[in-house]
Amino acid sequence: MKKDRRQFLKVASLSFLGVAGSAALGPVCQAAAPGEGSFTTAKNALHAKKWGMVIDTRKFAENPELYNAVTTACHSYHNVPTIVENGMPSKREVKWIWTDGYHQTFTDQVDNYPSHEIEQRRYLMLCNHCENPACVRVCPTKATFRRKDGIVVMDYHRCIGCRYCMAGCPFGARSFNFMDPRDHIAQVNPTFPTRMRGVVEKCTFCSELLAVGKMPLCVEASDGAIAFGDLTDPESSVRKLLAENFTLRRKPTLGTEPSVYYIL
Ligand code: SF4
Ligand code: SF4
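Residues numbered from 1 in each chain as written. Chains lettered and ligands numbered in written order. Predicted model: local features only at pLDDT ≥ 70, side-chain atom pairs only at ≥ 80, totals over all residues. Heavy atoms only, no water.

With respect to the element layout, Val 188 can be found in the loop between β9 (175–176) and β10 (200–201). Non-local contacts of Val 188, meaning those with residues more than four positions away in its chain, are made with Asn 79 and Thr 194. (Helix = DSSP H or I, 4+ residues; strand = E, 2+ residues; numbered from the N terminus. Contact = heavy atoms within 4.5 Å.)

Structure (structure tokens):
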């Protein structure tokens, strides 16, 4: 076996072992915020010490059309393929933001008997841009990394398709391109890169839009049901919502410290 291949396998196996113990360890290394790929940062770029999101699930329940509006806004702009088999979503589907039920979303809540209305709601899910992201710890090529502002991003060119990050993420937030995604995009947005078969992808917290002074697309499409801002700023919209409402995060006991909060 060649030396460089031996070294890669050693790094990969050590990284894989990190899956189990990742939550118990300290914060992962943070990379400088380079934007993504060829995206540039404008003078009016939006900045935060730690970006976070608050989803008001009550507003989505009041206006269920918002689920589709938010998902479509994200997936169409980001060239996320729609992969169906026999008219049904495929096990090989790619998703950046999606919905599921209460018990699938909040799997380790102590309240086993929520109100019927809360139990019937759908809940949006996306990458939590965790403070201690297990996905980053296990990636053998550093194709995924956490920026200083808390956003966990991907460099698709460095992804070797090993899917360790998918095994490491306890939230199912990552998708693998089992087939060429370009064959499954109704209308390609030329301003955002398409991916290729064999790479992993996920929500970027719209880092490419923040870099040009714009808010994430799901936030803009949510009619005020999703807030986005700096979790370290007590005056930010997200901190005010957190101060005024009861909120949950997904799987808090795992210690990944999600940056996405839910108002119930
Ligand atoms: S939700 Fe999953 S993919 Fe996103 S940062 Fe956390 S561990 Fe990584
Ligand atoms: S933050 Fe951006 S990439 Fe993430 S789910 Fe919302 S629209 Fe999609």
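The subject of this paragraph is the site of ligand 2. In the neighbourhood of ligand 2, the contacting residues comprise Cys 74, His 78, Trp 96, Ile 97, Leu 126, Cys 203, Thr 204, Phe 205, Cys 206, Pro 216, Leu 217 and Cys 218. Counted by class, the shell around ligand 2 contains 10 nonpolar, 2 polar and no charged residues. (Near = heavy atom within 4 Å. Nonpolar A, V, L, I, M, F, W, Y, C, P; charged D, E, K, R; others polar.)

Turning to the pattern of salt bridges, a few remarks are in order. All told, the structure shown has 9 salt bridges when counted by the stated rule. A salt bridge links Glu 85 to Arg 92; the nearest nitrogen and oxygen atoms lie 2.7 Å apart. Look at Glu 85 and you get partly exposed, because its relative accessible area is 35%. Given a relative accessible area of 35%, Arg 92 falls into the partly exposed group. (Salt bridge = Lys/Arg side-chain N within 4 Å of Asp/Glu carboxyl O. Buried < 20%, exposed > 50% of the residue type's maximum accessible area, 1.4 Å probe, protein only.)

What follows is about unusual backbone geometry. Glycine aside, residues mostly have negative phi angles, and peptide bonds mostly take the trans form. Of note, Phe 205 is a non-glycine position whose phi angle comes to about 55°, a positive value. Assignment of secondary structure puts Phe 205 in the loop between β10 and α8 (207–210). Exposure remark for Phe 205: the relative accessible area of 2% places this residue in the buried category.

This brings us to the side chain of Asn 79. If you trace the backbone, Asn 79 turns up in the loop between α3 (65–77) and β3 (84–85). Reaching out from Asn 79, the side chain makes a polar contact with the backbone oxygen of Phe 192 at a distance of 2.8 Å. Every residue in contact with Asn 79, bar those within four places of it in the chain, is listed here: Ile 185, Gln 187, Val 188, Asn 189, Phe 192, Pro 193, Thr 194 and Arg 195. (Polar contact = N/O pair within 3.5 Å; in protein donor to acceptor, adjacent residues only side chain to side chain.)

Pairing in this open sheet of 4 strands is mixed, and the strands run β11-β2-β13-β12 from one edge to the other. With one partner strand each, in any of the chains shown, β11 (226–230) and β12 (247–248) form the two edges of the open sheet. Against the sheet, helix α10 (residues 237–244) touches β2 (51–56), β11, β12 and β13 (260–263), its axis set at about 115° to β11. (Pairing = 2+ DSSP bridges. Axes fitted to C-alpha atoms, helices over the stretch in contact; angles between N-to-C directions.)

Quick look at the packing of aromatic side chains now. In this structure the tally under the stated criterion is 10 aromatic pairs. Here the aromatic rings of Trp 51 and Phe 228 are separated by 4.8 Å at their centres, their planes lie at 10°, and the arrangement is stacked. Here Trp 51, found in strand β2, pairs with Phe 228, found in strand β11; they are 177 residues apart in sequence, far enough to count as distant. Taken individually, Trp 51 and Phe 228 each receive the classification buried, so the pair is uniform in this respect. Plain terms: the ring middles of Tyr 77 and Phe 192 are 6.0 Å apart, the flat faces sit at 55° to each other, and that makes the pair tilted. (Phe/Tyr/Trp six-rings, centres within 6.5 Å; stacked < 30°, edge-to-face > 60°.)

Per-residue pLDDT for the protein chain averages 87, and the proportion of residues at 70 or more is 84%. Long-range and interchain partners of residues 1–38, a stretch whose pLDDT sits below 50, account for 50 contacts in this model, where long-range means more than four residues apart. (pLDDT = per-residue confidence, 0-100.)

Counting residues in hydrophobic clusters, the biggest one holds 56 residues, and the most contacted among them are Met 53, Ile 55, Phe 60, Phe 205 and Ile 226. Residue contacts for Phe 205: discarding those within four places in its chain leaves Trp 51, Gly 52, Met 53, Leu 126, Cys 127, His 129, Ile 151, Leu 210, Pro 216, Phe 228 and Val 260. (Core = buried A, V, L, I, M, F, W, Y, C linked by side-chain atoms within 4.5 Å.)

With that settled, consider the pairing of β13. Residues Val 260 and Tyr 262 of β13 are buried on one face, and the alternating residues Tyr 261 and Ile 263, pointing to the opposite face, are buried as well. Looking at chain direction, β2 and β13 are connected through 4 bridges and run parallel. Within β13, the position partnered with Ile 55 by the bridge is Tyr 262. Sheet analysis places β12 next to β13, joined by 2 bridges and oriented antiparallel. Residue Leu 248 lies in a different strand from β13, and its bridge partner there is Tyr 262.

Before going further, it helps to spend a moment on the side chain of Arg 174. Mapped onto the elements, Arg 174 comes out in the loop between α7 (164–168) and β9. Polar contacts involving the side chain of Arg 174 include one to the side chain of Thr 144, which spans 2.7 Å. The contact partners of Arg 174, leaving out residues within four places of it in the chain, are Cys 135, Thr 144, Val 152, Met 154, Cys 165, Met 166, Cys 169, Val 200, Glu 201 and Lys 202.

In this model α3 runs 19 Å from its N-terminal to its C-terminal C-alpha over 13 residues, within 8% of the 18 Å that 1.5 Å per residue would give. Of all the residues in α3, the buried ones are Leu 66, Tyr 67, Val 70, Thr 71, Cys 74 and His 75. Within α3, the buried residues cover an arc of 145° as seen down the axis, which keeps them to one side. Among the exposed residues of α3, those pointing more than 90 degrees away from its buried face are Glu 65 and Asn 68. Asn 79 sits one or two residues past α3 and shows a positive phi near 55°. (Expected span 1.5 Å × (residues − 1). Arc of directions from axis to C-beta.)

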